[in-house]
Amino acid sequence: MTEEKDFSQYAHPDALVSTDWVAQHKDDPSVVLLESNEDVLLYETGHIPGAQKIDWHTDLNDPVTRDFLGPQQFAAFASAKGITPDTTVVFYGDKSNWWAAYALWVFTLFGHRDLRLMDGGRQKWAAEGRELVTEVQTPASVSYPTPAQRDDSTFRAFREDVLAHFGKPMIDVRSPLEYSGERTHMEGYEQEGALRGGHIPSAASVPWAKAANEDGTFRSRAELEAIYTEQAGLGQAEEVIAYCRIGERSSHTWFVLQHLLGYDNVRNYDGSWTEWGNAVRLPIATGEEPGEVPGA
Amino acid sequence: MSQAPTPQGDAAARRLPEQLAEVVEEFAELEDRQKLELLLEFSRELPELPARYLNSYDQMEEVVECQSPLFLTLEYDDAAGTAAIFFAAPPEAPTTRGFAAILHEGLSGLRFEEILAVPEDLSERLGLSKAITPLRLRGMTAMLGRIKRNIRVHLAASAPVQGG
């Protein structure tokens, strides 16, 4: 086991917890663990004792509109998981917390206060030989009051917001080949293609996984600053938009920029390339260069 | 082989090899949540690799279309005209293991022409697309495609050229 990382290096240290912290606090009545994986069966093979499953595909999306849950559906979902507005909700999952970050971001839209990621995710917990169980505990019977709204403006961007944002920094977190336009999909996700390959003009390319170490934990603040603040040119930007293909990989980057580096106003454009790449009258850029701001 | 008649609809379902049809029926009868449970059971039952392949994944073919590492290889019995299929996938990828186990149970040991005739939409016939996003099912389609390609390559390389 490596030495525990000091979370105080990050802008919002409270947004992260260690595997040790989870081991100590998982049974606290004020704590609910949610496992969110890319592999929909992984939770069933074993999870942290007491953790509930969250399935991004069936739990977080509205089945009819291409959108997330509404406030009422969210309240019902949170209640069913034993969550109240005062609960400390800790997300973790496979693939460097990719889907865990996505679930956390969706919870953020509903204004839930205390949301955290377990650094290193499921991989680190398992690598440390910690307990995994198949038993599913019945959540506490609680009622989450319906939030006043789903805030779609503070941390979420729509295509109109992206158009208005031109001239300010944007991060494309997809793979280099998707960015350049040689591929219209991510490797292994051929059905999620777009008509055009390329990226939103002026967006810098920083594949999301650059923020993670081999063991699934986040890189140090100094490393993250070198990647985003310097190489990607975010500098001291006040507003940043991140996007990917449908908004899940960019949730991971959103978490890094918002909570670990402390950028004030980071929005995730969840329409992402599946919308932009297919939309009528929206400009794109191809190749490895970011390209010019349209109309500049 | 491409000239083989392409059966449609129910006719195609009837023509699935028996061991594969049984798997498809098992899934078809279940509600979505139970389908996932069955897939999990399959993932647990994926046979271990024979010792001769252990620690030698480089002898196997990687199915890069799968989100998680998956390797497969075929062994041919030309006298019987059948192929045995072997898969390897890590325990952290139960969905991928489940797909592999379905193909193992449904296809391994069948005759070449039976495997080649399996319809491409096999993953849809399992009715999993509501519980598992359609794009995740893509990995299974890719596995099937690679199995068929291996058999075609094997036939082209080993069989004497015949007319017709």
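Scroll up to find the structure.
A few points on the structure. Fair warning: this is a prediction, and the values are worked out from it, not measured in the lab.

So, the overall build of chain B
So, step 1. Broken down by element type, chain B carries seven helices and three strands.
So, step 2. When the elements of chain B are put in sequence order from the N terminus, they spell out α-α-α-β-β-β-α-α-α-α.
So, step 3. Partitioning the intrachain contacts of chain B with sequence separation of at least 6 by distance along the chain shows that 67% fall at a separation of at least 24.
So, step 4. When the accessible surface of chain B is split by element, carbon and sulfur atoms take 49% of a total near 8,600 Å².

Section: the environment of A131 of chain B
So, step 1. Residue placement: A131 of chain B occurs in the loop between α6 (122–125) and α7 (134–158).
So, step 2. On the basis of relative accessibility, which here comes to 6%, the residue A131 of chain B falls in the buried class.
So, step 3. Among all residues touching A131 of chain B, those that are not within four sequence positions of it are D55, H57 and T58 of chain A together with D32 and L36 of chain B.

Focus: the pattern of salt bridges
So, step 1. One pass over the structure, following the stated rule, counts 26 salt bridges over all chains.
So, step 2. One salt bridge connects D20 of chain A with R130 of chain A, and the closest N-O pair in it is separated by 2.7 Å. Of this pair, D20 of chain A sits in helix α1 (residues 19–25) while R130 of chain A sits in the loop between α6 (121–127) and α7 (159–165), placing them 110 residues apart in sequence.
So, step 3. Across the salt bridge formed by E75 of chain B and R52 of chain B, the nearest N and O atoms sit 2.8 Å from each other. With a gap of 23 residues between them, E75 of chain B in strand β2 (residues 71–77) and R52 of chain B in the loop between α3 (32–45) and β1 (61–62) connect regions that are remote in the sequence.
So, step 4. Through salt bridges with shared partners, one network takes in D67, R150, D152, R156 and D270 of chain A.

Looking at the packing of aromatic side chains
Residue and element names in this part refer to chain A.
So, step 1. Applying the stated criterion across every chain, the model contains 20 aromatic pairs over all chains.
So, step 2. On the numbers, 6.3 Å between centres and 75 degrees between planes, the contact of F77 with F107 is edge-to-face. In this pair, F77 is assigned in helix α4 (residues 71–80) and F107 in helix α5 (residues 98–109), connecting sequence segments 30 residues apart. Take F77 and F107: they sit in the same class, and that class is buried.
So, step 3. An aromatic cluster of three or more residues is present, and its members are W56, F68, W98, W99, Y102, W105 and W208.
So, step 4. If you follow R130 out to its NZ or CZ, it ends over the ring of W125, 5.4 Å from the centre.

As for the nonpolar core
Generally speaking, nonpolar side chains in soluble globular proteins are found buried as a group.
All names here are of chain A.
So, step 1. Residues F91, F107, L117, Y228 and F255 are the most contacted members of the largest nonpolar core, which totals 58 residues.
So, step 2. Listing elements by their share of this core, those giving two or more residues are β2 (31–36), α4, β4 (88–92), α5, β5 (115–118), α9 (221–231) and α10 (249–260).
So, step 3. Looking at this core element by element, the count peaks at eleven residues for α5.
So, step 4. In this view, Y228 contacts I171, V206, W208, A211, G233, L234, T253, V256, L257 and L261; residues no more than four positions away in its chain are not counted.

Reading guide: rules and limits
Residues numbered from 1 in each chain as written. Chains lettered and ligands numbered in written order. Predicted model: local features only at pLDDT ≥ 70, side-chain atom pairs only at ≥ 80, totals over all residues. Heavy atoms only, no water. Helix = DSSP H or I, 4+ residues; strand = E, 2+ residues; numbered from the N terminus. Contact = heavy atoms within 4.5 Å. Areas by Shrake-Rupley, 256 points an atom, 1.4 Å probe, with all protein chains shown as cover. Buried < 20%, exposed > 50% of the residue type's maximum accessible area, 1.4 Å probe, protein only. Salt bridge = Lys/Arg side-chain N within 4 Å of Asp/Glu carboxyl O. Phe/Tyr/Trp six-rings, centres within 6.5 Å; stacked < 30°, edge-to-face > 60°. Lys NZ or Arg CZ within 6 Å of the ring centre and 35° of its normal. Core = buried A, V, L, I, M, F, W, Y, C linked by side-chain atoms within 4.5 Å.

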